Amino acid sequence: NAESRPDAGPSMRKKSVTYDALIPMDEEDLVEILIDPLNGGTRSPADLYHIVIKRSGVYLIERGITTVPPLGPRRPWQADIDIASRTQSNRWTAEVRIPLSSFDRPGTVRGEVWGFNVTHYNAGQQEFSTWSGSVGNAYDPISLGNLLLP
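To start, this report covers the structure provided alongside it. (Residues numbered from 1 in each chain as written. Predicted model: local features only at pLDDT ≥ 70, side-chain atom pairs only at ≥ 80, totals over all residues. Heavy atoms only, no water.)

**Looking at the overall build of the protein**
Thought 1: When helices and strands are counted, the protein shows zero helices and 11 strands.
Thought 2: Taken from the N to the C terminus, the helices and strands of the protein come in the order β-β-β-β-β-β-β-β-β-β-β.
Thought 3: Compactness check: the protein gives a C-alpha radius of gyration of 15 Å against a globular reference of 15 Å for 150 residues, within 12% of the reference.
Thought 4: If one aligns the C-alpha atoms of the protein with their principal axes, the spans along those axes are about 50 × 30 × 25 Å.
Thought 5: For the protein, the residues scored as buried account for 41% of the 150 residues in total.
Thought 6: Contacts in the protein between residues at least 24 apart in sequence constitute 54% of all its contacts with a sequence separation of at least 6.
Thought 7: Total accessible area on the protein stands at roughly 8,300 Å², and carbon and sulfur atoms take up 52% of it.
Thought 8: Taken together, the 15 basic and 18 acidic charged side chains of the protein have centroids lying 4 Å from each other. (Helix = DSSP H or I, 4+ residues; strand = E, 2+ residues; numbered from the N terminus. Rg over C-alpha atoms; globule rule 2.2 N^0.38 Å. Buried < 20%, exposed > 50% of the residue type's maximum accessible area, 1.4 Å probe, protein only. Contact = heavy atoms within 4.5 Å. Areas by Shrake-Rupley, 256 points an atom, 1.4 Å probe, with all protein chains shown as cover. Lys, Arg positive; Asp, Glu negative; His and termini not counted. Charge placed at Lys NZ, Arg CZ, Asp CG, Glu CD.)

Quick look at the structure:
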């Protein structure tokens, strides 16, 4: 029964994230994927494609980052993304399929380098980590790592 799981109650199914000092402060574990196809180092989070997947399987997708106060403009992202998650007692996994056509970027070239980062928030341990190793602001496009397109 999903209602008896502590990570699946009604409060855990909200499609939003609360941030404090640019760190997620959610009631459940989550993973964020940040993508900047321009990789221009603009320093504007509005340029980022943002995907949040929660342990419960709830997800949200947007352009920019929804924070209070706002870091910059945010708008919906209409994308044909497939997301699947699986929860076990001591771990969870998420898979994401993002077609290149989901990005407002015609003419993607093989070997192109995009800005990319993955963050993880462990609610139980109150730990936040980033794949790129960014310090301070994981949502600043200049702090992203590189993703080489095959």
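**Looking at the environment of Asp 140**
Thought 1: As for its placement among the helices and strands, Asp 140 is situated in the loop between strand 10 (127-130) and strand 11 (145-148).
Thought 2: For Asp 140, a relative accessible area of 7% translates into the label buried.
Thought 3: Through-space distance from the C-alpha of Asp 140 to that of Ser 101 is 24 Å; in sequence the pair is 39 residues apart.
Thought 4: For Asp 140, the side chain forms a polar contact with the side chain of Arg 43, separated by 2.5 Å. (Polar contact = N/O pair within 3.5 Å; in protein donor to acceptor, adjacent residues only side chain to side chain.)

**A word on the pattern of salt bridges**
Thought 1: The final tally for this structure, using the stated rule, is seven salt bridges.
Thought 2: Residue Glu 62 is joined to Arg 74 by a salt bridge in which the shortest nitrogen-to-oxygen separation is 2.6 Å. With Glu 62 in strand 5 (residues 59-63) and Arg 74 in the loop between strand 5 and strand 6 (75-76), the pair connects residues that are 12 residues apart, well separated along the chain.
Thought 3: As a salt-bridge pair, Asp 82 and Arg 97 come within 2.7 Å of each other at their nearest N and O atoms. Remark: Arg 97 occurs in strand 8 (residues 91-97) and Asp 82 occurs in strand 7 (residues 82-88); sequence separation between them is 15 residues. (Salt bridge = Lys/Arg side-chain N within 4 Å of Asp/Glu carboxyl O.)

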